[in-house]
Amino acid sequence: MAVLPIVTHPNPILREKTKEITDPKDPEIKELIFDMIETLEKSEQAVGLAAPQVGKNVSLCIIQFEGKTYILINPKIKSKSWSKEIFEEGCLSFPGKFIPVKRSRRVKIEALDRNGNKIVLKADGFLARVFQHEIDHLNGILYIDKEVKIKKKK
Ligand code: CO
């Protein structure tokens, strides 16, 4: 296992659409999963890490929230609520940058787990937000694209 260096903005890899993983049990993928978990745990504040953030152009992200580790391979958002909310987000690829982002309150996602089994997850609130942020990374979309510009009152 190894802690991987984090790719930061404006590295172009963060803008690439990732490739689907055809074999989740491939030893290289298994190693990447272990390394990404270790990298995420080292980062303390962060709850999510997507493969492009460690320079790998594959559809994989890791989320750790409330003591649970989610390993999402080829994740897709299947549905999301119309209801949205604005909340401040950060990103490991933008050290120290916290901005308000509008996202759906609830999402349903589909992915493969580390054994290649299909999983369906529903989330709301903060976890739904993290799923959306990380899946965006896999499509080359960054949270700065969705920043809500709040007008300052005079
Ligand atoms: Co991010």
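Scoring rules and cut-offs
Residues numbered from 1 in each chain as written. Predicted model: local features only at pLDDT ≥ 70, side-chain atom pairs only at ≥ 80, totals over all residues. Heavy atoms only, no water. Salt bridge = Lys/Arg side-chain N within 4 Å of Asp/Glu carboxyl O. Helix = DSSP H or I, 4+ residues; strand = E, 2+ residues; numbered from the N terminus. Buried < 20%, exposed > 50% of the residue type's maximum accessible area, 1.4 Å probe, protein only. Contact = heavy atoms within 4.5 Å. Pairing = 2+ DSSP bridges. Axes fitted to C-alpha atoms, helices over the stretch in contact; angles between N-to-C directions. Donors = N, O, S within 2.8 Å, 3.2 Å for Na, K, Ca; no water.

## What about the pattern of salt bridges?
- In total, this model carries nine salt bridges according to the counting rule given.
- Put simply, Lys 76 and Glu 20 hold a salt bridge, and the shortest N to O gap is 2.5 Å. On the criterion of sequence distance, the pair formed by Lys 76 in strand β3 (residues 68-80) and Glu 20 in the segment before α1 (27-42) is long-range, its members being 56 residues apart.
- Salt-bridge contacts for Arg 105 lead to Glu 85; the nearest nitrogen and oxygen are separated by 2.9 Å. Taken as a pair, Arg 105 in the loop between β5 (94-104) and β6 (106-112) and Glu 85 in strand β4 (residues 84-91) lie far apart in primary sequence, 20 residues in all.

## What to know about the side chain of Ser 59
- Residue position: Ser 59 is located in the loop between β1 (48-50) and β2 (60-65).
- A residue is classified by how much of its surface remains accessible, and Ser 59, at 5% relative accessible area, is buried.
- If sequence neighbours within four positions are ignored, Ser 59 has contacts with Thr 18, Lys 19, Glu 20, Ile 21, Leu 72, Ile 73, Asn 74, Pro 75 and Leu 138.

## Comments concerning the sheet that holds strand β7 (residues 118-124)
- Taken together, five strands build an open sheet; the order of strands is β1-β2-β3-β6-β7 and the sheet is antiparallel. Each edge of the open sheet carries a strand with a single partner, namely β1 and β7. Within this sheet the neighbouring strands show an average axis-to-axis angle of 40°, counted without direction.
- Two strands pair when backbone bridges link them, and β2 and β3 are joined in this way by six bridges, in the antiparallel orientation. Among the inter-strand pairings, Ile 63 is bridged to a residue of β3, identified as Tyr 70.

## Some points on the coordination of the cobalt ion
- Protein coordination of the cobalt ion is provided by Cys 91 (SG), His 133 (NE2) and His 137 (NE2), with donor distances spanning 2.1 to 2.2 Å.
- Here the donor residues of the cobalt ion share one chain and are spaced in sequence as C-x41-H-x3-H. Highlighted residues: Cys 91 in strand β4 and His 137 in helix α2 (residues 125-138), separated in sequence by 46 residues. The same class applies to Cys 91 as to His 137, namely buried.

That's the geometry; what it means functionally is another story.
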